Amino acid sequence: MEVSDVEKDVTEILVSEEQIRSRLAELARQIETDYSGRDLLLVGVLKGAVMVMADLARELNRHVSMDWMAISSYGSGTTSSGVVRILKDLDTDISGKHVLVVEDIIDTGLTLSWLVANLRSRGPATVSICTLLRKPEAQRMTVEVRYVGFDIPNEFVVGYGLDYAEHFRNLRSVATLAPTVYS
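Everything numeric in this text was worked out from a predicted model, so none of it was measured.

Novice: Talk me through the packing of aromatic side chains; I want residue IDs and the actual numbers.
Specialist: Summed over the entire model, instances satisfying the criterion amount to 3 aromatic pairs. For the ring pair phenylalanine 156 and tyrosine 164, a centre distance of 6.0 Å and an interplane angle of 90° mean the geometry is edge-to-face. Tyrosine 164 matches phenylalanine 156 in its accessibility class, with the two residues each being buried. Both rings, one in phenylalanine 156 and one in tyrosine 182, keep their centres 5.7 Å apart while their planes meet at 55°; by these two values the pair is tilted. Taken as a pair, phenylalanine 156 in the loop between strand 7 (147–151) and strand 8 (157–158) and tyrosine 182 in helix 4 (residues 179–182) lie far apart in primary sequence, 26 residues in all. We classify tyrosine 182 as partly exposed; its relative accessible area is 30%. Connected via pairs of aromatic rings, a cluster forms that spans Phe156, Tyr164 and Tyr182.

Novice: Before we move on, can you summarise the pairing of strand 5 (residues 98–106) with the specific residues and values?
Specialist: Burial analysis of strand 5 places 9 of its 9 residues in the buried class, the great majority of the element. Sheet topology note: the strand 2 (residues 41–46)/strand 5 ladder contains 4 bridges and is parallel. Opposite glycine 44, over in strand 5, you have valine 102 as the bridge partner. The pairing of strand 5 with strand 6 (residues 126–134) spans 8 bridges and is parallel. The residue bridging valine 99 from the neighbouring strand is valine 127, located in strand 6. Read as a crossover between parallel neighbours, the route from strand 5 over helix 3 (residues 110–120) to strand 6 is right-handed.

Definitions and limits used
Residues numbered from 1 in each chain as written. Predicted model: local features only at pLDDT ≥ 70, side-chain atom pairs only at ≥ 80, totals over all residues. Heavy atoms only, no water. Phe/Tyr/Trp six-rings, centres within 6.5 Å; stacked < 30°, edge-to-face > 60°. Buried < 20%, exposed > 50% of the residue type's maximum accessible area, 1.4 Å probe, protein only. Helix = DSSP H or I, 4+ residues; strand = E, 2+ residues; numbered from the N terminus. Pairing = 2+ DSSP bridges. Right-handed = clockwise from strand over helix to strand, strands pointing away.

Purely geometric stuff here, so don't read any function into it on its own.
In structure tokens form, the structure reads like this:
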């Protein structure tokens with residue numbers, strides 16, 4: 001879906017499809033260097049990270065394993081509920097493995113902090129984070145993020161996997177959602 005298909009619902013394009021593709025290619029080169037000679041498991045966080053994970057994996061010029069988790073702290077609103085639930089756990093035993101968590105966005109850091117602690121309790125060799133988007137102004141919990149695509153303002157955004165009430169995920173760019181849509 002293009003921005004022109006939903007132009008009345010968004011106020012600004014923050015990151016274009018071309019910028020996303022270019023940045024994911026850069027991140028893939030860094031990841032290849034950093035994990036050279038080591039097996040790597042990508043763990044995507046459903047549903048938002050589907051686009052990021054698929055495009056990042058295709059950019060990597062090496063073998064990787066992939067698995068998915070679904071966790072929730074949002075519901076259908078625009079702010080975190082503060083309670084994290086595992087909706088779908090990993091199918092892979094991660095003990096002794098190098099795990100790279102692939103996220104769409106980091107807002108407060110609360111959910112991701114919980115997820116990293118949960119994964120580390122399972123005995124992996126390493127756990128690192130790659131996120132397409134980060135909102136530094138919104139962070140309430142410091143989370144070490146090894147790979148960041150873009151820092152963005154603390155606004156509600158949609159597109160490229162990010163949704164509002166399960167809409168806008170297939171928007172090719174990342175855009176600010178108009179307040180009239182959710183108020």
